[in-house]
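# Reading the structure
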Amino acid sequence: QVQLVESGGGLVQPGGSLRLSCTASGSIFRYSSMGWYRQAPGKQRELVATITTGGSTNYADSVKGRFTISRDNAKNTVYLQMNVLKPEDTAVYYCNTPQARPYDYWGQGTQVTVSS
């Protein structure tokens, strides 16, 4: 059974940094690309970063150059290092496969708030 547990969110000032973690149980992690999504209030969930099993990465234009996705296959964990945070980065952040659909299983997410 798949379980995704996100952590590391919090309140940070503009320009600050946070590192998110997502630990996956089950077979989802070992054989899958993984991604970080975010959902701001009143907006649709968007995919902001992906990483393949081999470590190739891709980013949404809105976070390119500021966010870095990485994974530790031994720990079944994917990370999102977020630097130079902006108020518009405020959202609940989730991890899942890049093919995940709204009605698939999702973890509880972790809240990131960027505010002075």
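Here goes a summary of the coordinates provided. (Residues numbered from 1 in each chain as written. Predicted model: local features only at pLDDT ≥ 70, side-chain atom pairs only at ≥ 80, totals over all residues. Heavy atoms only, no water.)

### Details of the pattern of salt bridges
Under the defined criterion, the tally for this structure stands at five salt bridges. The residue Asp61 makes a salt bridge to Lys64 at a minimum N-O spacing of 3.2 Å. Classification of Asp61 by relative accessible area gives exposed; the value is 67%. The closest approach of N and O atoms between Arg66 and Asp89, which form a salt bridge, is 2.7 Å. In this pair, Arg66 is assigned in the loop between strand E6 (57-59) and strand E7 (67-72) and Asp89 in the loop between strand E8 (77-82) and strand E9 (91-96), connecting sequence segments 23 residues apart. Just as Arg66 is buried, Asp89 falls in that class too. Through salt bridges with shared partners, a single ionic network connects Arg38, Glu46, Arg66 and Asp89. (Salt bridge = Lys/Arg side-chain N within 4 Å of Asp/Glu carboxyl O. Buried < 20%, exposed > 50% of the residue type's maximum accessible area, 1.4 Å probe, protein only. Helix = DSSP H or I, 4+ residues; strand = E, 2+ residues; numbered from the N terminus.)

### Topic: the sheet that holds E8
Spatially, four strands are ordered E1-E3-E8-E7 in an open sheet, and the strand pairing comes out antiparallel. In the strand order of this sheet, the two ends are held by strand E1 (3-7) and E7, each with one partner. Adjacent strand axes in the sheet meet at a mean angle of 15 degrees, parallel and antiparallel pairs treated alike. Pairing between strand E3 (residues 18-25) and E8: six bridges, direction antiparallel. If you follow Leu18 over to E8, its bridge partner there is Met82. (Pairing = 2+ DSSP bridges. Axes fitted to C-alpha atoms, helices over the stretch in contact; angles between N-to-C directions.)

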